[in-house]
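Reading the structure
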Amino acid sequence: MKRLAPSVLSADFSKLGEEAAAVERAGAQLLHIDVMDGRFVPNLTIGPAVMKSLIGRTSLPFDVHLMISDPDRYAPLFVTEQTEFITVHAEACTHLHRTLQSVRSLGVKAGVALNPATPLSTVEYVLELADLVLVMSVNPGFGGQSFIPSSLKKIRQLADLRRAEGYSFEIEIDGGVGTANIAEISSAGADIAVAGSAVYGASDVDARVKHLLAEMNGTAAGEK
Ligand code: DX5
Ligand code: ZN
């Protein structure tokens, strides 16, 4: 089953525990944590203390997306028993091969993220070290932006490459994902979809999570 990772960036921060528990109850399988440092991206968000405050409020695995300039220095702070992925940006890593090795050595799965303008060839020689490739479908920094259509082509090429070379990384899409495009994104080859405003901006969060999961897995009403 393909997985939905609601991003708490669009949640109500004054009741983050409840917001995380709500998407877990609805059937989401991961919790996406957007970490921004005000340098790599022009915004400041969540740090390790806030993420760790969710332990005990939800049992969803953490999907940590580091939009920060010095991931080698800060990645260890996000390691918990609940952390499944720590994803670094290819554009932020001078020695990406070494960084992915060191994330794995922390005992969590290593992800690498690509900005919309970054070609797949940037990660071609590190794919055997990646458990996840995150395709950014907006420029990182803010929730609620529009999906960049060329991201679909990138997902298809990545899925083809994975098949051709026999890699086992998962493919994640992040940015501008909603009910109107999640089925197409899934068909293109995404295994995990991040959704922030499409989940937490909905009037009925529970129904929206179920709808997105059904669209992603081809089980929405009217489909076979
Ligand atoms: C953007 C973040 C995303 C963001 C997605 O920089 O990485 O995870 O929360 O938000 P939506 O789904 O609203 O585009
Ligand atoms: Zn993200």
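This text follows the structure it describes.
Thresholds applied
Residues numbered from 1 in each chain as written. Chains lettered and ligands numbered in written order. Predicted model: local features only at pLDDT ≥ 70, side-chain atom pairs only at ≥ 80, totals over all residues. Heavy atoms only, no water. Pairing = 2+ DSSP bridges. Helix = DSSP H or I, 4+ residues; strand = E, 2+ residues; numbered from the N terminus. Axes fitted to C-alpha atoms, helices over the stretch in contact; angles between N-to-C directions. Contact = heavy atoms within 4.5 Å. Donors = N, O, S within 2.8 Å, 3.2 Å for Na, K, Ca; no water. Buried < 20%, exposed > 50% of the residue type's maximum accessible area, 1.4 Å probe, protein only. Salt bridge = Lys/Arg side-chain N within 4 Å of Asp/Glu carboxyl O.

**Observations concerning the sheet that holds strand 2 (residues 31–36)**
Taken together, 8 strands build an open sheet; the order of strands is 1-8-7-6-5-4-3-2 and the sheet is parallel. Each edge of the sheet is formed by a strand with only one pairing partner; in this case those strands are strand 1 (3–6) and strand 2. This sheet shows a mean twist of 25° between the axes of neighbouring strands, independent of strand direction. As defined by bridge partners, strand 3 (residues 62–67) adjoins strand 4 (residues 83–89) across 5 bridges and the pair is classed as parallel. Paired with Leu66 across the bridge in strand 4 is Val88. Taken strand by strand, helix 4 (residues 96–105) contacts strand 4 and strand 5 (109–114), and its axis lies near 145° from that of strand 5. Helix 8 (residues 205–216) rests against strand 1 and strand 8 (192–195) of the sheet, and its axis sits at about 145° to strand 1.

**A word on the coordination of the zinc ion (ligand 2)**
All of the protein donors around the zinc ion (ligand 2) are His32 (NE2), Asp34 (OD), His65 (ND1) and Asp174 (OD); their distances to the metal are 2.0 to 2.3 Å. Within one chain, the residues donating to the zinc ion (ligand 2) are spaced in sequence as H-x1-D-x30-H-x108-D. Linking His32 in strand 2 with Asp174 in strand 7 (residues 170–174), this pair joins segments that are 142 residues apart in sequence. For the pair His32 and Asp174, a shared accessibility class is recorded, and that class is buried.

**A word on the pattern of salt bridges**
Going through the model one piece at a time under the given rule, you end up with 7 salt bridges. Here Arg163 and Asp160 are joined by a salt bridge, their closest N and O atoms 3.0 Å apart. Taken together, the positions of Arg163 and Asp160, both in helix 5 (residues 150–165) and 3 residues apart, correspond to about one turn of that helix. Taking the shortest distance from any N to any O, the salt bridge between Lys210 and Asp206 comes out at 2.6 Å. Pair noted here: Lys210 and Asp206 are both in helix 8, with a separation of 4 residues, about one helical turn. When its relative accessible area of 42% is taken as the criterion, Lys210 is described as partly exposed. What makes Asp206 partly exposed here is its relative accessible area of 32%. Salt bridges sharing common partners tie together Arg3, Glu84, Lys109 and Glu170.

**Comments concerning the environment of Asn217**
Inspection of the secondary structure assignment puts Asn217 in the segment after helix 8. You can call Asn217 partly exposed: its relative accessible area is 24%. As a C-alpha pair, Asn217 and Gln145 span 72 residues in sequence and 24 Å in three-dimensional space. Setting aside anything within four residues of it in sequence, one finds Asn217 in contact with Met1 and Lys2.

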